[in-house]
Amino acid sequence: MSDWEHNKEIQLFREYLRIPSVHPDIDYTPCLEFLQRQARDLELPVEIYYPGGPNKPILVMTWLGQEPELPTIMLNSHMDVVPVYPEKWTHPPFAAEMDEEGRIFARGSQDMKCVGMQYLAAIRALKKKGATFKRTIHVTFVPDEEISGVLGMKSFVPTDSFCKLNVGFCLDEGAPTVNDEYKVYYAEKTIWYVHFTISGTTGHGSLLHKNTAAEKFQYILGKMLALRKKAEDLLESDPTLDLGNVSTVNLTVVKGGLQNNVVPPVIEATFDLRLSIDEDLEALQQQLKDWCEEAGGDIAIKFPTQDKKTPATVINDTNPFWVAMQNALRKLDLKIRPTVLPGVTDSRYVRQMNIPALGFSPMAHTPIRLHANDEYLQADTYLEGIRIYENILPAIANA
Ligand code: ZN
């Protein structure tokens, strides 16, 4: 433990974790101060942009390449973290305490302050060795990813400032794995929230009315849960598939009715759909409409969220950055598994600009505690991640 206690990189990681950049209403100033200090130490110039407003900074450190006109590498991480239930934690969530086994407990230790600091640690190690690369590397620290990045990455990518970074390839967050595999996320599923307003015959609760909202709801619910069952069956039948490969459906909100003896005129139901990259979105939309008719009609559909399909990042020989990254990981003898992320990250905004982006958080043999109580990262897993980036960065910056 004493070794870890005195390791400079571990110390810096823990210092960053102690900044409570937690939702809601985050003051990012302490993050900016900390990161500017890191940039000075690394002798990297810094720019700060505010595309989403005065309290939504985007900090960019730049390591100039020998051929700065080439498309650049962007190493992205978000500064914000999700809220905590402190009473459910065995260690205070913003103290970054380390136990005897080297487990560092803090909100953000996995998601994703680790990755942001590992980029900088790898750059420090590479600079110490005197390394220089063809391509310029931009290390970006963005706000508000955890509240969908609307005032963060989403507002940054359409700006001139972003365009001038001339990004050719982006690395962003992935997720830990409990085994020895490292997952590389090349795509994300598409989110739809579908809201049905189901109208039907109202009246006395003692009668048998025709076309009640409940009967129509039963039809819709049956169809939606059949989709859910299809995904479950698919996952069970094929062990090579995971949640990223199937479309999930869940009923999340139901409202309706006023009194025990009155048949409700309206039932409202909302479903959370996470659609696989193979899903035909137009066909699905038509299917939903058809079901409403089949159920008896007088049903309105709204989509509180209906994302467009984000293009997947190509992972074959035509993507030189993927080839370089894959080779670097193979040289380290690491098992890698390209897959689709079941959730969404800021990578989607980068991919929507037709820039290839991969999600990668080097944390193997790690229980998944993203957004959970007692989020922690093992000190040696953290240090191993730095070593991995020390190998990936030269490969992609020279690709
Ligand atoms: Zn994250």
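Residues numbered from 1 in each chain as written. Predicted model: local features only at pLDDT ≥ 70, side-chain atom pairs only at ≥ 80, totals over all residues. Heavy atoms only, no water.

Engineer: How should I be thinking about the sheet that holds strand S11 (residues 248-256) in this particular structure?
Structural biologist: The strands that make up a sheet pair up through hydrogen bonds in the backbone, lying either parallel or antiparallel. One open sheet accounts for 4 strands, arranged S11-S13-S9-S14; its pairing is antiparallel. Across the chains shown, the open sheet's two edge strands, defined by having one partner strand only, are S11 and strand S14 (299-306). Put simply, the sheet's adjacent strands are angled 20 degrees from each other on average, direction ignored. By the bridge criterion, 8 bridges tie S11 to strand S13 (residues 266-275) in an arrangement that is antiparallel. In the strand pairing of S13, Val-249 is matched with Leu-273. Its contacts with the sheet place helix H7 (residues 213-237) against strand S9 (190-199), S11, S13 and S14, and it is angled at close to 10 degrees to S13. Here helix H8 (residues 281-294) sits on the sheet and contacts S9, S13 and S14; the angle it forms with S9, its principal contact strand, is near 15 degrees. (Pairing = 2+ DSSP bridges. Helix = DSSP H or I, 4+ residues; strand = E, 2+ residues; numbered from the N terminus. Axes fitted to C-alpha atoms, helices over the stretch in contact; angles between N-to-C directions. Contact = heavy atoms within 4.5 Å.)

Engineer: Hey, could you run me through unusual backbone geometry in this one?
Structural biologist: If a residue is not glycine, its phi is most likely negative; likewise, a peptide bond is most likely trans. With an omega of 0 degrees, the peptide bond running from His-23 to Pro-24 counts as cis. When you line up the elements, Pro-24 lands in the loop between helix H2 (8-17) and helix H3 (29-42). Cis geometry is adopted by the peptide bond preceding Met-112, which originates at Asp-111 and carries an omega value of -10 degrees. Mapped onto the fold, Met-112 is located in the loop between strand S5 (103-105) and helix H4 (113-128). Residue Asn-211 is not a glycine yet carries a positive backbone phi of 55 degrees. Of note, Asn-211 is situated in the loop between strand S10 (203-204) and H7. A relative accessible area of 48% means that Asn-211 is categorised as partly exposed. At Asp-333, a position not held by glycine, the phi torsion is positive, near 65 degrees. When you line up the elements, Asp-333 lands in the loop between helix H9 (320-331) and strand S15 (335-341). Using a relative accessible area of 70% as the deciding quantity, one classes Asp-333 as exposed. (Buried < 20%, exposed > 50% of the residue type's maximum accessible area, 1.4 Å probe, protein only.)

Engineer: When you look at the packing of aromatic side chains in this model, what are you seeing that I'm missing?
Structural biologist: The way to describe two aromatic rings as a pair is by their centre distance and the angle between their planes. Within this structure, the stated rule accounts for 12 aromatic pairs. Geometrically, the ring pair formed by Tyr-119 and Tyr-389 is edge-to-face, given 5.2 Å between the ring centres and 70 degrees between the ring planes. Pair noted here: Tyr-119 is in helix H4 and Tyr-389 is in helix H11 (residues 379-397), with a separation of 270 residues, a long-range link. A single burial state applies to Tyr-119 and to Tyr-389, both of which are buried. (Phe/Tyr/Trp six-rings, centres within 6.5 Å; stacked < 30°, edge-to-face > 60°.)

Engineer: How should I be thinking about the coordination of the zinc ion in this particular structure?
Structural biologist: Looking at the zinc ion, the protein donor atoms are His-78 (NE2), Asp-111 (OD) and Glu-173 (OE), and they sit 1.8 to 2.1 Å from it. Exposure remark for His-78: the relative accessible area of 1% places this residue in the buried category. Judged by its relative accessible area of 7%, Glu-173 falls in the buried class. (Donors = N, O, S within 2.8 Å, 3.2 Å for Na, K, Ca; no water.)

Engineer: Got a minute to help me understand the environment of Leu-377 in this structure?
Structural biologist: By the element assignment, Leu-377 lies in strand S17 (residues 376-378). Residues in contact with Leu-377, not counting those within four places in the same chain, are Phe-13, Gly-102, Arg-103, Ile-104, Ser-109, Cys-114, Met-363, Thr-366 and Tyr-382.

Engineer: What should I look at first to understand H2 in this one?
Structural biologist: Helical geometry note: an α-helix holds 3.6 residues per turn, so side chains three or four residues apart project in the same direction. For H2, the tally of buried residues reaches 7 of 10 residues, placing the bulk of the element in the interior. Listed as buried for H2 are Glu-9, Ile-10, Leu-12, Phe-13, Arg-14, Tyr-16 and Leu-17.

Engineer: Sorry, what's going on with the domain arrangement of the chain here?
Structural biologist: Once the domains are mapped, the chain shows domain 1 (2-174 + 345-397) and domain 2 (190-306). In this structure, domain 1 and domain 2 have C-alpha centres spaced 39 Å apart. (Domains from an automatic or database assignment.)

Engineer: Just to check I follow, could you spell out the side chain of Glu-173 for this structure?
Structural biologist: The residue Glu-173 is located in the loop between strand S7 (167-172) and strand S8 (181-188) in this model. Polar contacts involving the side chain of Glu-173 include one to the side chain of His-78, which spans 3.3 Å. (Polar contact = N/O pair within 3.5 Å; in protein donor to acceptor, adjacent residues only side chain to side chain.)

Engineer: Got a minute to help me understand the sheet that holds strand S4 (residues 97-98) in this structure?
Structural biologist: If you trace the 3 strands from one edge of the open sheet to the other, you get S4-S5-S17, paired in antiparallel fashion. The open sheet has two free edges, formed respectively by S4 and S17, since each of these has just one partner strand. Pairing between S4 and S5: 2 bridges, direction antiparallel. Bridge pairing in S5 links Met-98 to Ile-104. The strands touched by H2 are S4, S5 and S17; relative to S5, the strand with the most contacts, the crossing angle is about 20 degrees.

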